[in-house]
Amino acid sequence: MNGKFIVIEGQKGAGKTSAVTQVIKTLKKYGIKDVIATREPGGTPLAEALRKLIKHGVNDESITDHAELLMLYAARAQLLEKVIKPALIRGTWVIGDRHDLSSQAYQGGGRGISTHLLQTLRNSILGNFSPDLTFYLDVLPKIGIMRSRERFDKGNDRIGTESTDFFDRTYKQYQTLAAKEDRIITIDANQSLVSVKVAIHDQLKKWLNTQQVLSLQ
Ligand code: Z5A
């Protein structure tokens, strides 16, 4: 792969949208201009159709946890093979709004799906593919929920309107997983938007140096 895959993770209201913008802005500042943004679930016509199903369901039919997980993986598999990998191979950098860590946190923590099943799916579908760098925006669930409360689609968002307990479990799982992995940088997303942007810029600059990218510019 000639490009790099940088992912932004965190609970709703963490500020992932502005973090994606900040990462792209910082990369451009340091001379990396061939960049695309993706989101999960979504990012291809099929994955966007699955996104609608995942977020809104179909009529009143309840969706099982396994069906939800498999739809998320179907969308991810499609995005990976159709968009992310081809971009990385041609040297384009990809900035992802969510990736597999979301499934580990939401479906593993929130839904309580077994680590064994999640690992099996990940190994089978993603193999040894993983992000080069992940920014995990750590926001307390109650702050994130408050921030995203104004969103227009909140009433029709299956996962977004889950219980406080669900978001607490998801949050704990995010924190546990982020602490284990060197390639995940945790950013305190409870602070002001300006402070979050500065933290992302500084951490990304540091990481680019370790990748010897800056010295090439
Ligand atoms: N999901 C899953 O369960 N499993 C998976 O594997 C994957 C996803 C991939 C996708 O929803 C849903 O799918 C999501 C997880 C699940 N459901 N939930 N919950 P989505 O993509 O539509 O959206 P989201 O990521 O959940 O929510 P969001 O609200 O869009 O989050 P955000 O992008 O991090 O927030 P934002 O739009 O950047 O910010 C929200 C507001 O807060 C906005 O007005 C900002 O100006 C404000 N904000 C952000 N940061 C700050 C700070 N630092 N201070 C003050 N105000 C701030």
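So, here is what we can say about the structure in this document. These numbers were taken from a predicted model, which means no experiment stands behind them.

Let us now look at the pairing of strand β4 (residues 133-138). With respect to burial, β4 is a largely interior element, six of its six residues being buried. Side-chain alternation along β4 places L133, F135 and L137 on one buried face and T134, Y136 and D138 on a second face that is also buried. The sheet contact formed by strand β1 (residues 5-10) and β4 spans five bridges and is parallel. Paired with G10 across the bridge in β4 is L137. Here β4 runs beside strand β5 (residues 184-188); their pairing, made up of five bridges, is parallel. For L137, the partnering residue across the bridge sits in β5 and is I187.

Here we take up the pattern of salt bridges. Evaluated as defined, the whole model comprises 10 salt bridges. A salt bridge links R111 to D65, with the shortest nitrogen-to-oxygen separation between them at 3.8 Å. Taken together, the positions of R111 in the loop between α4 (100-110) and α5 (115-125) and D65 in helix α3 (residues 65-89) put the pair 46 residues apart, joining distant regions of the chain. The residue R76 makes a salt bridge to D100 at a minimum N-O spacing of 3.1 Å. Placement of R76 in helix α3 and of D100 in helix α4 is noted, with a sequence separation of 24 residues between them. Since its relative accessible area comes to 3%, R76 is described here as buried.

Another aspect to go through is the side chain of T92. For T92, the position within the fold is in the loop between α3 and β3 (93-97). A polar atom in the side chain of T92 sits 3.1 Å from the side chain of D34. In this structure the side chain of T92 is engaged in a polar contact, spanning 3.3 Å, whose partner is the side chain of R90. What T92 contacts, discounting residues up to four positions off in sequence, is G3, K4, D34, V35, I36 and A87.

What counts as what
Residues numbered from 1 in each chain as written. Predicted model: local features only at pLDDT ≥ 70, side-chain atom pairs only at ≥ 80, totals over all residues. Heavy atoms only, no water. Buried < 20%, exposed > 50% of the residue type's maximum accessible area, 1.4 Å probe, protein only. Helix = DSSP H or I, 4+ residues; strand = E, 2+ residues; numbered from the N terminus. Pairing = 2+ DSSP bridges. Salt bridge = Lys/Arg side-chain N within 4 Å of Asp/Glu carboxyl O. Polar contact = N/O pair within 3.5 Å; in protein donor to acceptor, adjacent residues only side chain to side chain. Contact = heavy atoms within 4.5 Å.

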